[in-house]
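Structural features, examined
Listed below, chain by chain, are the residues.
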Amino acid sequence: MPEPEASKREAVPSAAHPHSATLKRLEKSSGSLAAQAIARMDESLPWYRAMPPENRSWIGLVAQAGIAAFTEWFRHPDAPQAISTDVFGTAPRELTRAITLRQTVEMVRTTIEVMESAIDEVAAPGDERVLREALLVYAREIAFATAQVYAQAAEARGAWDARLESLVVNAVLSGEADEGAVSRAAALGWNAPEHVCVVLGTAPDGDSELTVEAIRRAARHAKLQVLTGVLGDRLVVIAGGSDNPIGVAKSLIGPYAAGPVVAGPVVPDLLAATRSAQAAAAGLKACSAWQDAPRPVLADDLLPERAIAGDPSAREQLVEEIYRPLEEAGSALLETLSVYLEQASSLEGAARMLFVHPNTVRYRLRRVTDVTGWSPSDVRSAFTLRIALILGRLADGDLPA
(Lines give C-alpha, C1' and ligand atoms only; values in the text may rest on other atoms or scores of the structure.)
Protein backbone atom coordinates (compact mmCIF):
# COMPACT_ATOMS: atom_id res chain seq x y z
CA MET A 1 0.00 0.00 0.00
CA PRO A 2 1.60 3.34 -0.97
CA GLU A 3 2.33 5.71 1.87
CA PRO A 4 -0.43 8.35 2.07
CA GLU A 5 0.65 11.68 0.70
CA ALA A 6 -0.62 13.35 3.86
CA SER A 7 2.02 11.55 5.96
CA LYS A 8 4.78 12.93 3.73
CA ARG A 9 3.79 16.54 4.17
CA GLU A 10 5.48 18.51 6.88
CA ALA A 11 3.04 19.09 9.72
CA VAL A 12 2.02 22.66 10.34
CA PRO A 13 1.23 23.49 13.98
CA SER A 14 -2.45 24.30 14.42
CA ALA A 15 -1.58 27.56 16.12
CA ALA A 16 0.17 28.78 12.93
CA HIS A 17 -2.92 28.16 10.80
CA PRO A 18 -5.06 31.21 9.90
CA HIS A 19 -8.12 29.30 11.11
CA SER A 20 -6.45 27.37 13.92
CA ALA A 21 -9.53 27.26 16.12
CA THR A 22 -11.64 25.70 13.39
CA LEU A 23 -8.85 23.29 12.51
CA LYS A 24 -8.55 22.19 16.12
CA ARG A 25 -12.30 21.65 16.42
CA LEU A 26 -12.30 19.77 13.10
CA GLU A 27 -9.55 17.45 14.36
CA LYS A 28 -11.49 16.71 17.52
CA SER A 29 -14.74 16.09 15.62
CA SER A 30 -13.36 13.79 12.91
CA GLY A 31 -14.12 10.61 14.84
CA SER A 32 -17.69 11.55 15.64
CA LEU A 33 -18.28 12.77 12.07
CA ALA A 34 -17.11 9.41 10.71
CA ALA A 35 -19.42 7.60 13.13
CA GLN A 36 -22.34 9.79 12.06
CA ALA A 37 -21.58 9.13 8.39
CA ILE A 38 -21.55 5.37 8.95
CA ALA A 39 -24.78 5.57 10.93
CA ARG A 40 -26.39 7.64 8.17
CA MET A 41 -25.32 5.07 5.55
CA ASP A 42 -26.72 2.23 7.64
CA GLU A 43 -29.98 4.13 7.94
CA SER A 44 -30.44 5.37 4.38
CA LEU A 45 -28.55 2.95 2.08
CA PRO A 46 -30.15 -0.53 1.82
CA TRP A 47 -27.21 -1.95 -0.13
CA TYR A 48 -24.85 -0.97 2.69
CA ARG A 49 -26.96 -2.80 5.27
CA ALA A 50 -27.02 -5.90 3.06
CA MET A 51 -23.23 -6.06 2.65
CA PRO A 52 -21.08 -8.55 4.59
CA PRO A 53 -19.35 -7.14 7.70
CA GLU A 54 -15.91 -7.14 6.06
CA ASN A 55 -17.00 -4.87 3.21
CA ARG A 56 -18.91 -2.58 5.55
CA SER A 57 -15.76 -2.29 7.63
CA TRP A 58 -13.75 -1.25 4.57
CA ILE A 59 -16.38 1.33 3.62
CA GLY A 60 -16.22 2.71 7.15
CA LEU A 61 -12.45 3.07 6.81
CA VAL A 62 -12.91 4.91 3.51
CA ALA A 63 -15.34 7.32 5.17
CA GLN A 64 -12.92 7.92 8.06
CA ALA A 65 -10.05 8.41 5.62
CA GLY A 66 -12.14 10.88 3.64
CA ILE A 67 -12.82 13.03 6.72
CA ALA A 68 -9.17 12.81 7.80
CA ALA A 69 -8.09 13.81 4.28
CA PHE A 70 -10.38 16.81 4.45
CA THR A 71 -8.71 17.85 7.70
CA GLU A 72 -5.33 17.73 5.94
CA TRP A 73 -6.86 19.57 3.00
CA PHE A 74 -8.02 22.33 5.32
CA ARG A 75 -4.63 22.38 7.09
CA HIS A 76 -2.66 22.71 3.81
CA PRO A 77 -5.01 24.47 1.36
CA ASP A 78 -2.20 25.29 -1.10
CA ALA A 79 -0.29 21.99 -0.97
CA PRO A 80 -0.57 19.40 -3.79
CA GLN A 81 -3.28 16.90 -2.83
CA ALA A 82 -3.41 13.17 -3.55
CA ILE A 83 -7.03 12.49 -2.77
CA SER A 84 -7.29 9.04 -4.35
CA THR A 85 -4.29 7.77 -2.37
CA ASP A 86 -5.34 9.41 0.88
CA VAL A 87 -8.92 8.20 0.76
CA PHE A 88 -9.23 5.09 -1.39
CA GLY A 89 -5.78 3.74 -0.57
CA THR A 90 -7.13 2.54 2.78
CA ALA A 91 -9.33 -0.09 1.09
CA PRO A 92 -8.27 -3.09 -1.01
CA ARG A 93 -8.54 -2.87 -4.79
CA GLU A 94 -11.18 -5.62 -4.71
CA LEU A 95 -13.59 -3.15 -3.10
CA THR A 96 -14.25 -1.64 -6.54
CA ARG A 97 -15.69 -5.03 -7.51
CA ALA A 98 -17.75 -5.29 -4.32
CA ILE A 99 -19.52 -1.93 -4.71
CA THR A 100 -20.57 -0.18 -7.89
CA LEU A 101 -19.66 3.33 -8.95
CA ARG A 102 -23.23 4.43 -8.17
CA GLN A 103 -22.94 3.02 -4.64
CA THR A 104 -19.61 4.76 -4.14
CA VAL A 105 -21.15 8.06 -5.20
CA GLU A 106 -23.95 7.52 -2.67
CA MET A 107 -21.38 6.76 0.03
CA VAL A 108 -19.38 9.91 -0.75
CA ARG A 109 -22.53 12.04 -0.95
CA THR A 110 -23.73 10.77 2.44
CA THR A 111 -20.37 11.51 4.06
CA ILE A 112 -20.21 15.00 2.56
CA GLU A 113 -23.78 15.71 3.68
CA VAL A 114 -22.93 14.73 7.27
CA MET A 115 -19.87 16.98 7.21
CA GLU A 116 -21.86 19.83 5.67
CA SER A 117 -24.60 19.57 8.30
CA ALA A 118 -21.98 19.85 11.04
CA ILE A 119 -20.29 22.99 9.71
CA ASP A 120 -22.07 25.39 12.09
CA GLU A 121 -21.09 23.18 15.00
CA VAL A 122 -17.48 22.52 13.98
CA ALA A 123 -16.46 25.92 12.60
CA ALA A 124 -15.24 28.58 14.99
CA PRO A 125 -17.40 31.71 15.03
CA GLY A 126 -16.89 33.60 11.76
CA ASP A 127 -15.26 30.61 9.96
CA GLU A 128 -18.47 29.00 8.72
CA ARG A 129 -18.15 30.39 5.20
CA VAL A 130 -14.46 29.44 4.92
CA LEU A 131 -15.13 25.88 6.08
CA ARG A 132 -18.11 25.51 3.75
CA GLU A 133 -16.13 26.72 0.73
CA ALA A 134 -13.27 24.39 1.58
CA LEU A 135 -15.71 21.48 1.79
CA LEU A 136 -17.19 22.35 -1.61
CA VAL A 137 -13.75 22.34 -3.24
CA TYR A 138 -12.85 19.11 -1.46
CA ALA A 139 -16.12 17.47 -2.59
CA ARG A 140 -15.25 18.32 -6.19
CA GLU A 141 -11.81 16.72 -5.83
CA ILE A 142 -13.33 13.64 -4.20
CA ALA A 143 -15.69 13.30 -7.18
CA PHE A 144 -12.75 13.40 -9.60
CA ALA A 145 -10.80 10.93 -7.45
CA THR A 146 -13.74 8.53 -7.38
CA ALA A 147 -14.03 8.64 -11.15
CA GLN A 148 -10.29 8.06 -11.50
CA VAL A 149 -10.28 5.04 -9.19
CA TYR A 150 -13.15 3.37 -11.05
CA ALA A 151 -11.72 4.26 -14.45
CA GLN A 152 -8.43 2.60 -13.51
CA ALA A 153 -10.28 -0.44 -12.20
CA ALA A 154 -12.36 -0.62 -15.37
CA GLU A 155 -9.24 -0.42 -17.55
CA ALA A 156 -7.59 -3.18 -15.55
CA ARG A 157 -10.68 -5.37 -15.78
CA GLY A 158 -11.02 -4.62 -19.49
CA ALA A 159 -7.42 -5.65 -20.17
CA TRP A 160 -7.86 -8.82 -18.12
CA ASP A 161 -11.17 -9.66 -19.82
CA ALA A 162 -9.56 -9.14 -23.23
CA ARG A 163 -6.83 -11.63 -22.33
CA LEU A 164 -9.41 -14.14 -21.10
CA GLU A 165 -11.49 -13.73 -24.24
CA SER A 166 -8.45 -14.16 -26.44
CA LEU A 167 -7.63 -17.43 -24.64
CA VAL A 168 -11.17 -18.75 -25.19
CA VAL A 169 -11.27 -17.77 -28.88
CA ASN A 170 -7.84 -19.25 -29.52
CA ALA A 171 -8.78 -22.50 -27.72
CA VAL A 172 -11.90 -22.88 -29.88
CA LEU A 173 -10.05 -22.12 -33.09
CA SER A 174 -7.14 -24.46 -32.32
CA GLY A 175 -9.36 -27.35 -31.24
CA GLU A 176 -8.27 -27.19 -27.60
CA ALA A 177 -11.55 -26.01 -26.04
CA ASP A 178 -12.16 -27.71 -22.69
CA GLU A 179 -14.00 -27.09 -19.43
CA GLY A 180 -11.39 -24.46 -18.57
CA ALA A 181 -12.36 -22.49 -21.67
CA VAL A 182 -16.03 -22.83 -20.71
CA SER A 183 -15.27 -21.47 -17.22
CA ARG A 184 -13.35 -18.53 -18.65
CA ALA A 185 -16.21 -17.80 -21.05
CA ALA A 186 -18.66 -17.88 -18.15
CA ALA A 187 -16.51 -15.33 -16.31
CA LEU A 188 -16.90 -13.08 -19.36
CA GLY A 189 -20.70 -13.29 -19.19
CA TRP A 190 -21.24 -16.14 -21.68
CA ASN A 191 -24.39 -17.88 -20.39
CA ALA A 192 -24.24 -21.07 -22.48
CA PRO A 193 -26.72 -20.38 -25.32
CA GLU A 194 -28.20 -23.41 -27.06
CA HIS A 195 -27.04 -22.53 -30.59
CA VAL A 196 -23.44 -21.56 -31.36
CA CYS A 197 -21.59 -20.91 -34.61
CA VAL A 198 -18.24 -19.43 -35.61
CA VAL A 199 -17.82 -16.71 -38.24
CA LEU A 200 -14.41 -16.09 -39.83
CA GLY A 201 -13.12 -13.42 -42.16
CA THR A 202 -10.31 -10.95 -42.68
CA ALA A 203 -9.71 -8.38 -39.95
CA PRO A 204 -9.56 -4.74 -41.04
CA ASP A 205 -6.40 -2.68 -40.65
CA GLY A 206 -6.19 -0.43 -37.64
CA ASP A 207 -6.95 -0.76 -33.95
CA SER A 208 -8.21 -4.27 -33.18
CA GLU A 209 -9.98 -2.98 -30.05
CA LEU A 210 -12.17 -0.76 -32.21
CA THR A 211 -12.98 -3.73 -34.42
CA VAL A 212 -13.92 -5.86 -31.42
CA GLU A 213 -16.13 -3.09 -30.04
CA ALA A 214 -17.86 -2.76 -33.42
CA ILE A 215 -18.61 -6.50 -33.36
CA ARG A 216 -20.05 -6.14 -29.86
CA ARG A 217 -22.33 -3.30 -30.93
CA ALA A 218 -23.59 -5.32 -33.90
CA ALA A 219 -24.14 -8.33 -31.63
CA ARG A 220 -26.13 -6.29 -29.12
CA HIS A 221 -28.30 -4.96 -31.94
CA ALA A 222 -28.89 -8.53 -33.21
CA LYS A 223 -29.45 -9.84 -29.65
CA LEU A 224 -26.54 -12.28 -29.90
CA GLN A 225 -23.89 -13.30 -27.42
CA VAL A 226 -20.38 -13.12 -28.81
CA LEU A 227 -16.82 -13.97 -27.93
CA THR A 228 -14.51 -12.32 -30.42
CA GLY A 229 -10.93 -11.44 -31.17
CA VAL A 230 -8.43 -10.63 -33.88
CA LEU A 231 -5.95 -13.49 -34.36
CA GLY A 232 -3.30 -12.54 -36.87
CA ASP A 233 -5.15 -11.24 -39.92
CA ARG A 234 -8.38 -13.05 -39.09
CA LEU A 235 -11.40 -11.68 -37.26
CA VAL A 236 -12.99 -14.52 -35.29
CA VAL A 237 -16.48 -14.34 -33.80
CA ILE A 238 -18.07 -17.09 -31.73
CA ALA A 239 -21.76 -16.22 -31.74
CA GLY A 240 -24.52 -17.74 -29.64
CA GLY A 241 -28.27 -17.37 -29.58
CA SER A 242 -29.38 -18.15 -33.14
CA ASP A 243 -29.82 -21.33 -35.17
CA ASN A 244 -29.38 -19.41 -38.45
CA PRO A 245 -25.63 -19.13 -39.15
CA ILE A 246 -25.98 -17.14 -42.36
CA GLY A 247 -28.28 -14.69 -40.55
CA VAL A 248 -25.69 -14.37 -37.78
CA ALA A 249 -22.93 -13.68 -40.30
CA LYS A 250 -25.02 -11.05 -42.10
CA SER A 251 -25.77 -9.22 -38.85
CA LEU A 252 -22.07 -9.12 -37.88
CA ILE A 253 -20.46 -8.59 -41.28
CA GLY A 254 -19.99 -4.82 -41.04
CA PRO A 255 -16.65 -4.74 -39.18
CA TYR A 256 -14.99 -7.36 -41.44
CA ALA A 257 -12.53 -6.27 -44.10
CA ALA A 258 -13.18 -6.89 -47.78
CA GLY A 259 -12.98 -10.54 -48.78
CA PRO A 260 -14.83 -13.75 -47.97
CA VAL A 261 -16.69 -14.21 -44.70
CA VAL A 262 -17.53 -17.81 -43.80
CA ALA A 263 -20.03 -19.07 -41.22
CA GLY A 264 -19.49 -22.48 -39.71
CA PRO A 265 -22.38 -24.84 -38.94
CA VAL A 266 -24.49 -24.46 -35.81
CA VAL A 267 -23.37 -26.60 -32.87
CA PRO A 268 -25.01 -27.10 -29.46
CA ASP A 269 -22.48 -25.45 -27.16
CA LEU A 270 -19.07 -23.84 -26.75
CA LEU A 271 -17.22 -27.15 -26.41
CA ALA A 272 -18.54 -28.20 -29.81
CA ALA A 273 -17.71 -24.81 -31.34
CA THR A 274 -14.33 -26.20 -32.41
CA ARG A 275 -16.14 -28.18 -35.11
CA SER A 276 -17.83 -25.01 -36.38
CA ALA A 277 -14.54 -23.11 -36.25
CA GLN A 278 -12.63 -25.77 -38.17
CA ALA A 279 -15.31 -25.89 -40.87
CA ALA A 280 -15.26 -22.10 -41.18
CA ALA A 281 -11.45 -22.05 -41.34
CA ALA A 282 -11.41 -24.71 -44.04
CA GLY A 283 -14.09 -22.80 -45.94
CA LEU A 284 -12.14 -19.55 -45.70
CA LYS A 285 -9.07 -21.32 -47.09
CA ALA A 286 -10.99 -22.89 -49.98
CA CYS A 287 -13.24 -19.92 -50.77
CA SER A 288 -10.91 -18.60 -53.46
CA ALA A 289 -11.84 -21.63 -55.61
CA TRP A 290 -15.45 -20.39 -55.83
CA GLN A 291 -15.07 -16.94 -57.25
CA ASP A 292 -18.81 -16.24 -57.30
CA ALA A 293 -19.38 -17.33 -53.71
CA PRO A 294 -21.86 -15.15 -51.84
CA ARG A 295 -20.69 -12.98 -48.95
CA PRO A 296 -21.18 -14.28 -46.34
CA VAL A 297 -21.20 -17.95 -47.28
CA LEU A 298 -21.87 -21.11 -45.29
CA ALA A 299 -18.97 -23.46 -44.76
CA ASP A 300 -21.25 -26.33 -45.81
CA ASP A 301 -21.86 -24.62 -49.15
CA LEU A 302 -18.12 -24.91 -49.76
CA LEU A 303 -17.97 -28.67 -49.18
CA PRO A 304 -16.68 -29.57 -52.68
CA GLU A 305 -13.93 -26.91 -52.61
CA ARG A 306 -12.97 -27.92 -49.07
CA ALA A 307 -12.82 -31.58 -50.08
CA ILE A 308 -10.63 -30.83 -53.10
CA ALA A 309 -8.39 -28.68 -50.89
CA GLY A 310 -7.83 -31.69 -48.63
CA ASP A 311 -10.28 -31.12 -45.77
CA PRO A 312 -10.97 -34.66 -44.42
CA SER A 313 -14.12 -33.61 -42.57
CA ALA A 314 -15.61 -32.20 -45.79
CA ARG A 315 -14.82 -35.43 -47.64
CA GLU A 316 -16.40 -37.49 -44.91
CA GLN A 317 -19.46 -35.24 -44.82
CA LEU A 318 -20.00 -35.52 -48.57
CA VAL A 319 -19.73 -39.29 -48.46
CA GLU A 320 -21.84 -39.80 -45.34
CA GLU A 321 -24.53 -37.22 -46.07
CA ILE A 322 -24.88 -37.65 -49.85
CA TYR A 323 -23.33 -40.83 -51.22
CA ARG A 324 -24.30 -43.27 -48.46
CA PRO A 325 -27.97 -42.20 -48.29
CA LEU A 326 -28.23 -42.56 -52.08
CA GLU A 327 -26.56 -45.96 -51.88
CA GLU A 328 -29.02 -47.08 -49.21
CA ALA A 329 -31.97 -45.75 -51.23
CA GLY A 330 -31.21 -48.17 -54.05
CA SER A 331 -28.88 -48.50 -56.98
CA ALA A 332 -31.38 -46.87 -59.37
CA LEU A 333 -30.92 -43.45 -57.77
CA LEU A 334 -27.13 -43.60 -57.89
CA GLU A 335 -27.12 -44.85 -61.45
CA THR A 336 -29.68 -42.28 -62.62
CA LEU A 337 -27.83 -39.40 -60.95
CA SER A 338 -24.50 -40.51 -62.39
CA VAL A 339 -25.86 -40.86 -65.92
CA TYR A 340 -27.76 -37.57 -65.68
CA LEU A 341 -24.60 -35.70 -64.67
CA GLU A 342 -22.57 -37.42 -67.39
CA GLN A 343 -25.17 -36.42 -69.97
CA ALA A 344 -24.75 -32.72 -69.18
CA SER A 345 -27.93 -32.65 -67.10
CA SER A 346 -30.11 -33.71 -70.02
CA LEU A 347 -33.29 -35.57 -69.06
CA GLU A 348 -33.74 -37.00 -72.55
CA GLY A 349 -30.10 -38.05 -72.84
CA ALA A 350 -30.19 -39.77 -69.45
CA ALA A 351 -33.48 -41.49 -70.35
CA ARG A 352 -31.99 -42.87 -73.58
CA MET A 353 -28.90 -44.16 -71.77
CA LEU A 354 -31.03 -45.80 -69.07
CA PHE A 355 -33.75 -47.06 -71.47
CA VAL A 356 -36.47 -45.45 -69.38
CA HIS A 357 -39.04 -42.70 -69.91
CA PRO A 358 -37.87 -39.10 -69.17
CA ASN A 359 -40.58 -38.89 -66.50
CA THR A 360 -38.91 -41.78 -64.70
CA VAL A 361 -35.62 -39.89 -64.74
CA ARG A 362 -37.45 -36.79 -63.53
CA TYR A 363 -39.04 -38.76 -60.64
CA ARG A 364 -35.73 -40.32 -59.61
CA LEU A 365 -33.99 -36.95 -59.61
CA ARG A 366 -36.69 -35.57 -57.31
CA ARG A 367 -35.99 -38.52 -55.03
CA VAL A 368 -32.29 -37.60 -55.09
CA THR A 369 -33.21 -34.12 -53.91
CA ASP A 370 -35.44 -35.55 -51.18
CA VAL A 371 -32.71 -37.91 -49.96
CA THR A 372 -29.73 -35.53 -50.08
CA GLY A 373 -31.15 -32.02 -49.97
CA TRP A 374 -29.20 -31.14 -53.15
CA SER A 375 -31.01 -30.65 -56.47
CA PRO A 376 -29.30 -32.17 -59.55
CA SER A 377 -30.95 -29.53 -61.78
CA ASP A 378 -29.08 -26.71 -59.99
CA VAL A 379 -25.58 -26.15 -61.37
CA ARG A 380 -23.95 -25.59 -58.00
CA SER A 381 -25.74 -28.54 -56.40
CA ALA A 382 -24.87 -30.75 -59.37
CA PHE A 383 -21.19 -29.94 -58.82
CA THR A 384 -21.49 -30.91 -55.16
CA LEU A 385 -23.28 -34.14 -56.03
CA ARG A 386 -20.63 -35.02 -58.61
CA ILE A 387 -17.81 -34.57 -56.06
CA ALA A 388 -19.77 -36.65 -53.53
CA LEU A 389 -20.15 -39.49 -56.08
CA ILE A 390 -16.42 -39.41 -56.85
CA LEU A 391 -15.46 -39.48 -53.18
CA GLY A 392 -17.98 -42.22 -52.41
CA ARG A 393 -16.63 -44.44 -55.16
CA LEU A 394 -13.08 -43.82 -53.99
CA ALA A 395 -14.11 -44.72 -50.44
CA ASP A 396 -15.75 -47.92 -51.69
CA GLY A 397 -12.64 -48.73 -53.67
CA ASP A 398 -10.58 -48.51 -50.48
CA LEU A 399 -12.80 -51.00 -48.67
CA PRO A 400 -11.48 -54.56 -48.39
CA ALA A 401 -13.04 -57.02 -50.82
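As a reminder, the structure under discussion sits directly above these lines.
Described below are features of the structure shown in this document. All of these numbers come straight from a predicted model, not from anything done at the bench.

Turning our attention to the nonpolar core. Trp47, Ile59, Phe70 and Tyr138 are the most contacted members of the largest nonpolar core, which has 33 residues in total. Elements supplying a minimum of two residues to this core: α2 (20–44), α3 (46–50), α4 (53–75), α7 (101–117), α8 (119–122) and α9 (128–174). The leading source of residues in this core is α4, at eight residues. With 28 residues, the next largest nonpolar core counts Val319, Tyr323, Leu333 and Leu391 among its residues.

Over the atoms rolls a probe the size of a water molecule, and in doing so it shows where empty space is left. Scanning the entire structure with this criterion turns up two cavities of 30 Å³ or more. Its boundaries defined by the atoms lining it, the largest cavity holds a volume of some 100 Å³. Taken together, 12 residues line the largest cavity, and the ones lying closest to its centre are Val62, Gly66, Val108, Thr111 and Ile142. Contributions of two or more residues to the lining of the largest cavity are made by α4, α7 and α9. Top contributing element to the lining of the largest cavity by residue count: α7, with five residues. A class-by-class count of the residues in the lining of the largest cavity yields 10 nonpolar, two polar and no charged. Computed from the structure, the second largest cavity encloses a volume of approximately 50 Å³. Taken together, Leu26, Leu33, Phe70, Met115, Ala118, Ile119, Val122, Leu131 and Leu135 form the lining of the second largest cavity. Looking at the lining of the second largest cavity, the elements that each hand over two or more residues are α2, α8 and α9.

Applying the stated criterion to the full structure yields 11 salt bridges. Here Arg306 ties to Asp300 by a salt bridge, and the two come within 3.9 Å at their closest N and O atoms. Taking the relative accessible area as the measure of exposure, Asp300 reaches 27% and is therefore partly exposed. The partner of Asp396 in a salt bridge is Arg324, and the shortest N-O contact between them spans 2.8 Å.

Each value, and the rule that gives it
- Residues numbered from 1 in each chain as written.
- Predicted model: local features only at pLDDT ≥ 70, side-chain atom pairs only at ≥ 80, totals over all residues.
- Heavy atoms only, no water.
- Core = buried A, V, L, I, M, F, W, Y, C linked by side-chain atoms within 4.5 Å.
- Buried < 20%, exposed > 50% of the residue type's maximum accessible area, 1.4 Å probe, protein only.
- Helix = DSSP H or I, 4+ residues; strand = E, 2+ residues; numbered from the N terminus.
- 1 Å grid on protein atoms, 1.4 Å probe; cavity = no way out; pocket = protein on both sides within 12 Å on 5 of 7 lines; lining within 4 Å.
- Points joined across faces, edges and corners; volume = space filled by probe spheres on them.
- Nonpolar A, V, L, I, M, F, W, Y, C, P; charged D, E, K, R; others polar.
- Salt bridge = Lys/Arg side-chain N within 4 Å of Asp/Glu carboxyl O.

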